[in-house]
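# Coordinate analysis (summary)
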Number of protein chains: 2
Amino acid sequence: MLPRAYLAGPDVFLPDPISIADKKKVLCSRYGFEGVFPLDADIDLTGLSPREAGTRISQANEALIRSAHLLIAHITPFRGPSADVGTAFEMGFARAIGLPIYAYSNERDDFTSRTVQFLGTTRRRPSGEIEDEDGMAIESFGLIDNLMIAGAVECSKGCVATTSSSRRERFTLLEAFENCLSTARQDFARS
Amino acid sequence: MLPRAYLAGPDVFLPDPISIADKKKVLCSRYGFEGVFPLDADIDLTGLSPREAGTRISQANEALIRSAHLLIAHITPFRGPSADVGTAFEMGFARAIGLPIYAYSNERDDFTSRTVQFLGTTRRRPSGEIEDEDGMAIESFGLIDNLMIAGAVECSKGCVATTSSSRRERFTLLEAFENCLSTARQDFARS
């Protein structure tokens, strides 16, 4: 049985999520993994209210993560300077149950410079820290995203892969995803 | 020993995080909980690079969550239509280890309307779904944030409390936080 890789990311919001899921799964199998996509859960939403449907999907995704052996998170910034929060949640979930976490972003800039660019206006505190117009500090640890995200990848012995992309390919480019798979294959071969 | 409530949120980015931590801890003890703030970890960052310091802090926060009995997440939208990703990560972590999760937001609008407002321009798919200019769907489940966030609160038997706030008090108002504590006290009294 191949190790199961849960494919977290905003890919579920693409116009054709099944197409990207299929592409990712083909790449996974090429590197010795079984790709598990959030929409793989066999759930019946008939008759549920939108709120109930949302909750049912969240439960199904949690169960899929529990069934996985690693998580590959797509953390290209999504509607702001950070990763999609659903993806961040799933990284935290995976980290707590001890899965190695691999992450990729189709944007190379670090979190600090992305946040400064997103905000437009920033200020310096007397301490030297940068803050936004609401007085909220901007993390400056040289990391790819918030320190909980980057720390989880680091401490779980995964990796972060980045590349640059055009706006059109921002959420579909799979070069950095494949770099994660390549590293994961080596890691799993050793363990 | 009082149940320990981990206080997740972007409060750590405030100009005086210790002040808000103290206020939250006083409220926690009034409701029968011990408040645990991310900055409570006794860690020494001397001599560490920024990246190492970030990772060290993330490890300390993970350990604090593992020591807690519940998590109260501050999910007021942060630099975009969603909660802070560090907070989302911590909610996922807490959910995986079975903690009840309470969440509060100082903005009442639901996720869909906030996202539409943030984006400015949106389109309708033939299916009726709303999407952004990149073609990425906008969740429309009538929830407070991404379905993983809302689902975790719901399934862990916590609650979501919301209130409205002025921009100045957006990240410091504690009325909805106190509503979470009030519900948590009842829940813990029953269990």
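Residues numbered from 1 in each chain as written. Chains lettered and ligands numbered in written order. Predicted model: local features only at pLDDT ≥ 70, side-chain atom pairs only at ≥ 80, totals over all residues. Heavy atoms only, no water.

## Description of the confidence of the model for chain A
- Looking at chain A as a whole, the pLDDT averages 97, with 100% of positions reaching at least 70.
- Confidence metrics for the complex model read pTM 0.98 and ipTM 0.98. (pLDDT = per-residue confidence, 0-100.)

## Quick look at the pattern of salt bridges
- Inspection of every chain in the model, using the stated rule, returns 24 salt bridges over all chains.
- Residue aspartate 145 of chain B is joined to arginine 114 of chain B by a salt bridge in which the shortest nitrogen-to-oxygen separation is 3.8 Å. In this pair, aspartate 145 of chain B is assigned in the loop between β6 (130–131) and α5 (147–155) and arginine 114 of chain B in helix α4 (residues 111–119), connecting sequence segments 31 residues apart.
- For arginine 114 of chain B, a relative accessible area of 4% translates into the label buried.
- Note that arginine 123 of chain B is salt-bridged to glutamate 131 of chain B, the shortest N-O span being 2.8 Å.
- Relative accessible area serves as the criterion here: at 11%, glutamate 131 of chain B is assigned to the buried category.
- A cluster of three or more residues bridged by salt bridges with shared partners is formed by Arg123, Arg125, Glu129 and Glu131 of chain A. (Salt bridge = Lys/Arg side-chain N within 4 Å of Asp/Glu carboxyl O. Helix = DSSP H or I, 4+ residues; strand = E, 2+ residues; numbered from the N terminus. Buried < 20%, exposed > 50% of the residue type's maximum accessible area, 1.4 Å probe, protein only.)

## Some points on the sheet that holds strand β1 (residues 4–8) of chain A
Residues and elements named next belong to chain A.
- Taken in spatial order, the five strands make up an open sheet running β2-β1-β3-β4-β7, and their pairing is parallel. Edge strands, defined here as strands with exactly one partner in the open sheet, are β2 (34–36) and β7 (160–162). Taken over all neighbouring pairs, the strand axes of this sheet differ in orientation by 20 degrees on average, direction set aside.
- Seen against the sheet, helix α1 (residues 17–30) touches β1, β2, β3 (70–74) and β4 (101–105) and runs at an angle of roughly 150 degrees to β2.
- Lying on the sheet, helix α6 (residues 175–190) is in contact with β1, β3, β4 and β7; it crosses β4 at an angle near 160 degrees. (Pairing = 2+ DSSP bridges. Axes fitted to C-alpha atoms, helices over the stretch in contact; angles between N-to-C directions. Contact = heavy atoms within 4.5 Å.)

## Some thoughts on the packing of aromatic side chains
Residues and elements named next belong to chain A.
- For the coordinates displayed, the defined rule picks out 11 aromatic pairs over all chains.
- Taken together, Phe13, Phe78 and Phe171 form an aromatic cluster joined through their ring pairs.
- The lysine or arginine in question, lysine 24, covers the ring of phenylalanine 177, its NZ or CZ lying 4.8 Å from the ring centre. (Phe/Tyr/Trp six-rings, centres within 6.5 Å; stacked < 30°, edge-to-face > 60°. Lys NZ or Arg CZ within 6 Å of the ring centre and 35° of its normal.)

## Observations regarding the relation of the copies chain B and chain A
- You can overlay chain B on chain A at an RMSD of 0.0 Å; the transform is a turn of 180 degrees with a shift of 0.0 Å along its axis. On this basis, the relationship between the two copies can be described by a two-fold rotation axis.
- The fraction of interface residues of chain B whose copies in chain A are also interface residues reaches 100%, indicating that both copies meet through the same surface. (Least-squares fit on C-alpha atoms with pLDDT ≥ 70 in both.)

## Points about the interface of chain B and chain A
- Between chain B and chain A, the contact holds 60 residues from the first and 60 residues from the second.
- Overall, the association of chain B and chain A removes approximately 4,800 Å² of surface from exposure, summing both partners, and the carbon and sulfur fraction of that is 65%.
- Summed over the shared surface of chain B and chain A, the number is six salt bridges.
- Residue aspartate 132 of chain B pairs with arginine 79 of chain A through a salt bridge whose shortest N-O separation is 3.0 Å.
- The interface formed by chain B and chain A holds 20 residue pairs in polar contact (both at pLDDT 80 or more) in total.
- Those elements that provide at least two residues to the side of chain B that touches chain A are α2 (50–66), α3 (85–96), α4 and α5 of chain B.
- A per-element tally of the side of chain B that touches chain A places α2 of chain B first, with 11 residues.
- Residues belonging to the side of chain B that touches chain A are distributed by class as follows: 30 nonpolar, 15 polar and 15 charged. (Buried area = accessible area lost by both parts, 1.4 Å probe. Polar contact = N/O pair within 3.5 Å; in protein donor to acceptor, adjacent residues only side chain to side chain. Nonpolar A, V, L, I, M, F, W, Y, C, P; charged D, E, K, R; others polar.)

## Details of the side chain of threonine 76 of chain A
Residues and elements named next belong to chain A.
- Tracing the chain through its elements places threonine 76 in the loop between β3 and α3 (85–96).
- Judged by its relative accessible area of 0%, threonine 76 is buried.
- A polar contact of 2.8 Å, which involves the side chain of threonine 76, links it to the side chain of histidine 74.
- For threonine 76, the side chain forms a polar contact with the main-chain nitrogen of asparagine 106, separated by 2.8 Å.
- With near-sequence residues (within four places) excluded, threonine 76 lies in contact with Ala83, Tyr104, Ser105, Asn106, Arg170 and Phe171.

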